Amino acid sequence: MTYHQQTLQLKTTGKSLAKVTAKVEEVVAKSGVQTGLCTLFLRHTSASLLLQENADPDVLEDLQHFFSDLVPEQRRYRHSTEGPDDMPAHIRTALTHTSEQIPINRGRLVLGTWQGIYIWEHRQQGHYRELVVHIQGE
C-alpha cells in the first residue's frame with residue numbers, strides 16, 4: 001500500500017467557484033498510485049469543496065445565486081467579528097462539504113464526464129486556502 005499526501009496552497013478570488021481538478025490530478029499522477037482512493041480535505045470553515053458540473057458555467061452561477069438567496073448577507077447575525085459576509089460563509093460551508101473522496105483507477109481520478117472539483121469561496125475577498133490531498137492505493 002502506498003500513501004502520498006500533499007497540501008496545495010490555493011488563492012481564491014473572492015466569492016466564486018475555483019476549478020482545481022487539474023491541480024488534484026497532478027498530485028494523483030505524482031503519487032504513482034494506479035488503483036486507490038483520493039481524499040480531499042479543505043482546511044477552512046468559510047469555504048467549501050464541491051464536485052459539480054464542469055461544462056456549463058450557468059450551473060455554477062445558479063448555485064451561487066441559490067445560496068445567496070438561501071443564506072443572505074443582509075440578515076443580522078450575532079457573529080460579525082470578521083465582517084458581514086463571515087457568518088453567511090460559515091452557514092454555506094455547513095450546508096456543503098469540506099471533504100470529498102474520489103476513486104483512482106489506472107492512475108486517474110474516476111470523475112464523471114461532466115464533474116469537476118471546485119473550491120467554493122464564500123467570502124467577498126480572496127483568501128489563501130489549503131487543500132490537503134491524501135492518496136492511498138497501489
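Residues numbered from 1 in each chain as written. Predicted model: local features only at pLDDT ≥ 70, side-chain atom pairs only at ≥ 80, totals over all residues. Heavy atoms only, no water.

Visitor: Before we go on, may I ask you to explain the sheet that holds strand E7 (residues 115-121) in this structure?
Guide: The sheet built from three strands is open, its strands ordered E2-E7-E4 with antiparallel pairing. Each edge of the open sheet carries a strand with a single partner, namely strand E2 (16-19) and strand E4 (47-53). Averaged over all pairs of adjacent strands, the angle between their axes in this sheet comes to 35°, without regard to strand direction. Pairing analysis gives seven bridges linking E4 to E7, with the strands arranged antiparallel. Across the sheet, Ala47 pairs through a bridge with Glu121, a residue of E7. The strands that helix H2 (residues 57-70) touches are E2, E4 and E7; relative to E4, the one it contacts most, it runs at about 140°. (Pairing = 2+ DSSP bridges. Helix = DSSP H or I, 4+ residues; strand = E, 2+ residues; numbered from the N terminus. Axes fitted to C-alpha atoms, helices over the stretch in contact; angles between N-to-C directions. Contact = heavy atoms within 4.5 Å.)

Visitor: Looking at this model, I keep getting lost on the side chain of Thr96. Mind explaining?
Guide: Mapped onto the elements, Thr96 comes out in the loop between helix H3 (86-95) and strand E5 (99-105). Take Thr96: its relative accessible area is 15%, and that puts it in the buried class. Within the structure, the side chain of Thr96 is placed 2.8 Å from the backbone oxygen of Arg92, a separation counted as a polar contact. The residues touching Thr96, leaving out its near neighbours within four places in the chain, are Ser48, Phe67, Trp120 and His122. (Buried < 20%, exposed > 50% of the residue type's maximum accessible area, 1.4 Å probe, protein only. Polar contact = N/O pair within 3.5 Å; in protein donor to acceptor, adjacent residues only side chain to side chain.)

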